[in-house]
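A look at the structure
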Amino acid sequence: MPHSRGFISQAEAKQPFFCGVDVGGTNIKAGVVDDLGRPLSWFTQPTLARRGAEDGARRIAESVLTVVERAGLKPEDIARVGLGAPGTMDIPAGKLLDPPNLPGWIDFPLRDRVAEHCGRPVVFVNDAGAATYGEFWVGSGREFNSMVMLTLGTGIGCGIIVDGLSIDGRHCHGAECGHMIIHCGEDARVCQCGRTGHLEAYTGAVAVTKRAQEALDAGQPSSLSERIAAGETLSPLLVSHEAEAGDELSTAIILDTGRYLAIGIVSLMHTIDPDGVIIGGAMTFGGHKTSIGRRFLQAVCDEVRRRAFPVPAEMTKIDYASLGSDAGYIGAAGLGRVAHRNAAGSSVMGHDLAAGKA
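Everything in this summary refers to the structure shown in the same document. This structure is a prediction, so every number in the text was calculated from the model and none was measured. (Residues numbered from 1 in each chain as written. Predicted model: local features only at pLDDT ≥ 70, side-chain atom pairs only at ≥ 80, totals over all residues. Heavy atoms only, no water.)

1. Looking at the packing of helix α7 (residues 236-244) against helix α8 (residues 248-272)
It is at 7 Å that the axes of α7 and α8 come closest, and there the two elements cross at 115°. Taken as a pair, α7 and α8 cross one another with a handedness that is left-handed. When α7 is examined against α8, the residues Val239, Ser240, Glu242 and Ala243 are found in contact with a partner set consisting of Ser250, Thr251, Ile253 and Ile254. Of the residues assigned to the contact of α7 with α8, the class counts are four nonpolar, three polar and one charged. (Axes fitted to C-alpha atoms, helices over the stretch in contact; angles between N-to-C directions. Helix = DSSP H or I, 4+ residues; strand = E, 2+ residues; numbered from the N terminus. Left-handed = near helix turned anticlockwise from the far one by under 90°. Contact = heavy atoms within 4.5 Å. Nonpolar A, V, L, I, M, F, W, Y, C, P; charged D, E, K, R; others polar.)

Structure (structure tokens):
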């Protein structure tokens with residue numbers, strides 16, 4: 001069972017309890033945390049998205065009830081359920097609009113249907129925003145007041161926290177920073193969304209694979225050619241392995257990715273002026289654990305310092321996320337906690353309310 005944080009017992013926990021759910025196109029992940037963001041239990045099962053939205057709502061609620069039982073609790077012990085979902089959404093209405101990785105879940109009132117199935121109040125949030133909040137609450141951003149998190153995967157996800165508040169935007173399209181424009185020339189790369197010049201078109205996993213393939217097609221020497229000839233599939237993971245082994249082309253692809261990412265980060269720094277920028281997701285090239293992961297982060301930092309105004313360049317911390325795949329459900333639970341405390345009439349606002357980091 002993959003998780004980045006150890007579980008605590010009921011005896012160690014501080015009430016109230018919250019449940020967080022991270023819904024993806026492939027899997028549903030759920031966990032119960034206490035008032036300090038410490039997990040008591042964890043559960044995952046396939047989303048089986050093609051069975052339809054109503055079946056999905058039932059499976060999400062089933063995940064909630066299962067993980068609550070695993071924590072040794074009853075449903076009524078859960079103050080709020082935080083539900084993080086992907087794709088376009090109407091957050092105030094609790095509806096998915098047309099999420100690309102949940103085909104057919106169009107204009108579906110997911111929040112209310114899950115609440116009906118599990119019998120608990122549900123808070124509906126964007127999945128990238130939830131992961132960001134998890135890192136802010138109890139992860140790499142726990143010392144921050146404001147932060148940005150970029151998640152590197154097939155695409156580029158993003159979340160923004162300002163003074164403890166998650167920024168969703170007026171039309172629930174806030175923090176779509178993977179689609180900021182970093183190249184406006186005629187030769188700008190095409191993003192998966194069909195538009196050109198976006199950050200994702202240069203730094204997402206699809207982009208990394210495409211740039212590597214273009215270099216190989218141009219005849220650049222690389223050990224990647226031998227791996228592919230042996231039947232392996234070109235991917236960011238393969239590029240990372242070969243870079244770690246010293247392949248020059250693979251290393252160049254990764255370090256260039258870091259420099260492209262830095263261009264987007266500088267724009268965010270100049271817009272938001274956060275305490276820190278956290279890099280997470282599946283494509284961090286091993287993070288702090290590998291030489292190429294450390295070099296990737298250094299390439300980001302070096303390019304940021306070269307391009308940013310001196311004060312934010314010096315003061316903004318850039319680092320890897322620390323919660324791994326736990327960030328989504330912990331952050332969703334944390335946003336449920338914020339809603340619960342607001343509903344209870346807490347006078348504590350902003351960062352103090354959000355972090356509770358106490």
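2. Structural notes on the pairing of strand β4 (residues 78-85)
Side-chain direction in a regular strand flips from residue to residue, so the side chains alternate between the two faces of the sheet. Among the eight residues that make up β4, eight are buried, leaving the element largely enclosed by the rest of the structure. Where β4 and strand β7 (residues 122-126) come together, five bridges link them in parallel fashion. From the neighbouring strand, Val81 faces β7, where its bridge partner is Val122. (Buried < 20%, exposed > 50% of the residue type's maximum accessible area, 1.4 Å probe, protein only. Pairing = 2+ DSSP bridges.)

3. What about the side chain of Glu303?
Residue placement: Glu303 occurs in helix α9 (residues 291-307). If we ignore the near neighbours within four places in the chain, the residues touching Glu303 are Arg259 and Ala262.

4. Quick look at unusual backbone geometry
Residue Pro16 follows Gln15 across a cis peptide bond; omega there is 5°. One can find Pro16 in the segment before β1 (17-23). If you check the backbone angles, Asp163 has positive phi at about 50° while not being a glycine. Structurally, the position occupied by Asp163 is in the loop between β9 (156-162) and β10 (165-166). The partly exposed category is assigned to Asp163, whose relative accessible area is 43%. Positive phi is not limited to glycine here, since Ala175 has a value of about 65°.

5. Notes on the sheet that holds strand β8 (residues 147-152)
The strand order across the open sheet built from five strands is β10-β9-β8-β11-β12, with neighbouring strands paired in mixed fashion. Either end of the sheet is taken by a strand with one partner, and the two such strands are β10 and β12 (317-320). Where β8 meets strand β11 (residues 276-280), five bridges bridge the pair, whose relative direction is parallel. Paired with Val148 across the strands is Val277, a residue of β11. Packed onto the sheet, α8 meets β8, β9, β11 and β12 and runs at close to 160° relative to β8.

6. Side note on the sheet that holds β7
The sheet built from five strands is open, its strands ordered β3-β2-β1-β4-β7 with mixed pairing. With one partner strand each, in any of the chains shown, β3 (39-46) and β7 form the two edges of the open sheet. Taking the axes of each pair of neighbouring strands and ignoring which way they run, one obtains an average angle of 15° across the sheet. Contacts from helix α2 (residues 110-118) reach β4 and β7, with the element oriented near 145° to β7.

7. Describing the packing of helix α5 (residues 205-217) against α8
At a minimum axis distance of 10 Å, the contact between α5 and α8 shows a crossing angle of 135°. Regarding the angle of α5 to α8, the classification is oblique. Considering how the two elements wind past one another, α5 and α8 form a crossing that is right-handed. Of α8, the residues touching α5 (which contributes Val208, Arg211, Ala212, Ala215 and Leu216) are Leu249, Ile253, Asp256, Thr257 and Tyr260. (Parallel < 35°, antiparallel > 145°, perpendicular 65-115°, else oblique.)

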